[in-house]
Amino acid sequence: MSKAVDPSVSSSFDPSGSGPAHLQVTALQADYEALRALCQAGELPVLLLTAAHLSGDLDLLRPEWMPRYAFASYAPHLSAEQEAEAREVCFGALAAFRDAGGPVPGRPSYDFFQEALKWICGKDAESLHRMLDDQIVFGRDDPQTPQWNKQQLDADRDFCVAIVGAGESGLLTAYRLSQAGVPFVILEKNTQVGGTWWENTYPGCKVDINSFIYSYAFSQKVWRDYFGAQGEVLEYFKSFAQQCGLHDQVRFSHEVRSATWNASSAQWDLDIMTPQGGVQLSANVLVSGVGQLNRPSFPDIAGIEDFAGESFHSAQWDASVTLKDKRVAVIGTGASAVQFVPHVADAAAETSVFIRTVPWLLPTPLLLQPVEDSLRQLMEQLPNYMQWHRLFTFVPQAIGILDEATVDPAYPPTETAISTSNDAVRQALTAWVEAQTEDRPELRPMLIPNSPPGSKRLPRDDGRWIRTLKREDVKPITTKIDCITANGIRTQDGTEHRFDVIIYGTGFKASEFLMPMKVTGLDGRDLHEFWNGDARAYLGSTIEGFPNLFCLYGPNTNLVLHGASIIFISECAANYVLEGVRSLLQGKARSLRVKPEVYAGYNERLDEANAMRAWGFSKVSSWYKNAKGRVTQNWPFSALELWRRTRHLDVNDYEFDTE
Ligand code: NAP
């Protein structure tokens, strides 16, 4: 018989009381001079949107000032005179608003928002409206707050959700459950919240998504940098957990070893390893928030155990190893290595970078930039600027380059470009590299890939990577590795390169979802045997034969440069979990399980679509694919489709057990 749910896991949350910090400026107090200065800063479209919102005057959004979308961003296109005129118009509108002394408006009307969106995203405004409405939060007016609670649906039912992992997705789901008054517990193997942001401490570690969208829409702050450093990101999630009372609901140093579906109790029975020994716990619903990129992958290179020097993986950075005066080898040139190699080069005597596959770099001028004081002041002094700024950052990232990453069979696709627009991206990225290497053209083969843009993740760069590879004390090596020896690395040309330290920037076992947990579903079905190395989940969430199990950031939920940020992906997944819990409570059901035909049909369509994207079409290696070559990571459809399909749980997709 399963152990009853521990009553101490229960949590309720009063939304009117504690809650996450969220910057909301409630009055415009700047005098004329200060206001004029504010109007000289920030992105003009955001200023115009804010001025239009505060003044209620949509005429400020003139067609000639409309932002122009280009390659996942907005490109400035106004002359200096036009820009000055527009800023002066903003000043006039804001000064009038201030003088009138009226209240700061909250969420704009449907019509206002629709017109504002037409100005930002043209023809897509109508279809994106509801999704984008979720992404802009004024005060506590968070549209994603569950509009139901357990008390109303099934007050007396003994019910608990177990969430595995206290990273950004687990915390978000817990927060939403707490808003709905659903008891939950979070089981975390580490001693702190934050998941990957707690684990990865390598020098230079930072988000590669703009921080204003790599943070919850309902908990905004002014970041120190546009792309927050690991410490600030971790602090954000720690503070969030504390402010929302979630910290107390986390059981730290609790690693779930196995989860077994108990058909008679309709619960998941969990075996958990703690420093004090094994403990058991049962829950009606199990949510996996274990992430995709947290189990380091060491390369399968002969002799790896023979190396006599020091070595470690980037995700297990060994700060006790001093790099000063050392000869250091780095294997790998993914997003992690691109961030830490410049720091290694600063510290070491010599740095050799082993490049197996050249990645495309995504030019990002703001990558290492602090948020300017002028922008900080705008966010802290001009009401609603922060909110429109986030939306304006979100929209182009959510549209992204899905079109440019889609195969055009009429093109015809090749291994270097898959459509005319993909080739245009290729040319733009190539030109950016060429401009930086006029003095060192021999470096170009190490910087210009042979694969179509979008086939692998594009590490962001602001020019630092190329500056680093140009350093005299840095040696990029493209000759393939033969083996690792006691003294270093031997390449296939027979050269033995001698090193004191080897750093593995070789990524993660991304396609091994939910490993190493043993998960046993209906009729003793073992999850990993069932998947057989080929993880699948309906909408990235539910799995055939595994009732009441939901995944966050599950199989095929990675939106490659068309999903804004992982936070958006987690919002979709968390909402789907909440919808699942709601349907169980509302329908007085013990369990739900996805119908086999729904699961199969969905995966068929998914595979067909992935085959027509750069990452599925290209033969290049990447963590988007599993060992069988199937894309197990990526969502091949639009961000809008993910949002739309996870907004409600369609009960027709599921079988419910209401015994
Ligand atoms: P990765 O993208 O998987 O890169 C691994 C690198 O190691 C690749 O260059 C790979 O070469 C190389 N490699 C693997 N096995 C090798 C072998 N046997 N011999 C030689 N080279 C080998 O890993 P990552 O850089 O850690 O990044 C993983 C993901 O984490 C990123 O794509 C990103 O989504 C995420 N990330 C995010 C951030 C952030 O700021 N948010 C920062 C870092 C990472 P091949 O390309 O030839 O396979």
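Here the structure is a predicted model, which is why all the values come from computation and not from measurement. (Residues numbered from 1 in each chain as written. Predicted model: local features only at pLDDT ≥ 70, side-chain atom pairs only at ≥ 80, totals over all residues. Heavy atoms only, no water.)

Let us now look at the layout of surface pockets. Within this model, the second largest pocket holds a volume of roughly 870 Å³. Taken together, 31 residues form the lining of the second largest pocket, with Glu43, Ser73, Tyr74, Asn210 and Leu366 sitting closest to its centre. Those elements that place two or more of their residues in the lining of the second largest pocket are β2 (74-75), β13 (362-363), α11 (373-381) and α12 (385-399). It is α12 that contributes the most residues to the lining of the second largest pocket, 6 residues altogether. Here the lining of the second largest pocket is built from residues that sort into 20 nonpolar, 8 polar and 3 charged. (1 Å grid on protein atoms, 1.4 Å probe; cavity = no way out; pocket = protein on both sides within 12 Å on 5 of 7 lines; lining within 4 Å. Points joined across faces, edges and corners; volume = space filled by probe spheres on them. Helix = DSSP H or I, 4+ residues; strand = E, 2+ residues; numbered from the N terminus. Nonpolar A, V, L, I, M, F, W, Y, C, P; charged D, E, K, R; others polar.)

Lining the immediate environment of the ligand, one finds 25 residues, of which Lys206, Asp208, Ser336, Thr357 and Lys456 sit closest. The backbone of lysine 206 places a nitrogen or oxygen atom 2.3 Å from an oxygen atom of the ligand. Here an oxygen atom of the ligand and a side-chain polar atom of threonine 357 are 2.4 Å apart. Sorting elements by how many residues they give to the shell around the ligand places helix α10 (residues 335-347) first, with 3 residues. Classifying every residue of the shell around the ligand gives 10 nonpolar, 10 polar and 5 charged. (Near = heavy atom within 4 Å. Polar contact = N/O pair within 3.5 Å; in protein donor to acceptor, adjacent residues only side chain to side chain.)

With that settled, consider the sheet that holds strand β3 (residues 161-164). In space, the 5 strands of this open sheet follow the order β5-β4-β3-β9-β21, with parallel pairing throughout. Each of the sheet's edge strands pairs with one partner strand only, and the pair in question is β5 (250-251) and β21 (549-551). Against the sheet, helix α16 (residues 566-586) engages β3, β9 (285-288) and β21, with an angle of about 165° to β21. (Pairing = 2+ DSSP bridges. Contact = heavy atoms within 4.5 Å. Axes fitted to C-alpha atoms, helices over the stretch in contact; angles between N-to-C directions.)

What follows deals with unusual backbone geometry. Of the consecutive residues tyrosine 411 and proline 412, the connecting peptide bond is found in the cis state with omega at -10°. Looking at the element boundaries, proline 412 is found in the loop between α12 and α13 (420-436). A cis amide bond, omega 0°, links methionine 515 with the succeeding residue proline 516. Tracing the chain through its elements places proline 516 in the loop between β19 (501-504) and β20 (518-520). For asparagine 548, which is not glycine, the phi torsion reads 55° and is therefore positive. Mapped onto the elements, asparagine 548 comes out in the loop between α15 (527-531) and β21. Overall, the relative accessible area of 0% leaves asparagine 548 in the buried class. With a phi angle near 70°, alanine 564 is a residue other than glycine that sits in the positive phi range. (Buried < 20%, exposed > 50% of the residue type's maximum accessible area, 1.4 Å probe, protein only.)

In the structure shown here, the tally under the stated rule is 34 salt bridges. Aspartate 534 is paired through a salt bridge with arginine 630; the nearest N and O atoms lie 3.0 Å apart. A residue pair is termed long-range when its members are at least 10 positions apart, and aspartate 534 in the loop between α15 and β21 and arginine 630 in the loop between α18 (614-617) and α19 (639-647) qualify at 96 residues. In this pair, the class of aspartate 534 matches that of arginine 630, namely buried. Here the residues in one salt-bridge network are Asp534, Arg536, Asp607 and Arg630, joined through shared partners. (Salt bridge = Lys/Arg side-chain N within 4 Å of Asp/Glu carboxyl O.)

What follows covers the packing of α16 against α19. Helix-helix packing is described using two parameters, namely the angle between the two axes and the distance between the axes. Contact geometry for α16 and α19: axes closest at 8 Å, N-to-C directions at 15°. Taken together, the axis directions place α16 and α19 in an arrangement best described as roughly parallel. α19 is crossed by α16, and the crossing has left-handed handedness. Contact residues: α16 offers Phe568, Ile569, Cys572, Asn575, Tyr576 and Glu579, while α19 offers Ala639, Leu642, Trp643, Arg645, Thr646 and Arg647. Tallied by class, residues from the contact of α16 with α19 come to 7 nonpolar, 2 polar and 3 charged. (Parallel < 35°, antiparallel > 145°, perpendicular 65-115°, else oblique. Left-handed = near helix turned anticlockwise from the far one by under 90°.)

Moving on to α19. Since there are 3.6 residues in each turn of an α-helix, residues three or four apart along the chain are aligned in direction. If you check which residues of α19 are buried, you get Ala639, Leu640, Glu641, Leu642, Trp643 and Thr646. Those residues of α19 that are buried lie in contact with α5 (125-133), α12, α16 and α17 (596-611).

The 5 strands are arranged β10-β19-β11-β12-β15 in an open sheet whose pairing can be described as parallel. The open sheet has two edge strands with one neighbour each: β10 (310-313) and β15 (474-477). On average, adjacent strands in this sheet sit at an angle of 15° to one another, irrespective of strand direction. Note: strand β12 (residues 350-354) against β15, 4 bridges, orientation parallel. Bridging across to β15, serine 352 finds its partner in lysine 475. Along the sheet face, α10 touches β11 (327-331), β12, β15 and β19 and points at about 175° away from the line of β11.

To continue, consider the packing of aromatic side chains. By the definition in use, this model includes 30 aromatic pairs. Considering the side-chain rings of tyrosine 175 and phenylalanine 218, the 5.0 Å spacing of their centres and the 20° angle between planes classify their relative orientation as stacked. A residue pair is termed long-range when its members are at least 10 positions apart, and tyrosine 175 in helix α7 (residues 168-179) and phenylalanine 218 in the loop between α8 (196-199) and α9 (230-243) qualify at 43 residues. We classify tyrosine 175 as buried; its relative accessible area is 5%. Overall, the relative accessible area of 3% leaves phenylalanine 218 in the buried class. The ring of tyrosine 32 carries the charged tip of arginine 98 above its face, separated from the ring centre by 5.1 Å. The lysine or arginine in question, lysine 221, covers the ring of tryptophan 223, its NZ or CZ lying 4.4 Å from the ring centre. (Phe/Tyr/Trp six-rings, centres within 6.5 Å; stacked < 30°, edge-to-face > 60°. Lys NZ or Arg CZ within 6 Å of the ring centre and 35° of its normal.)

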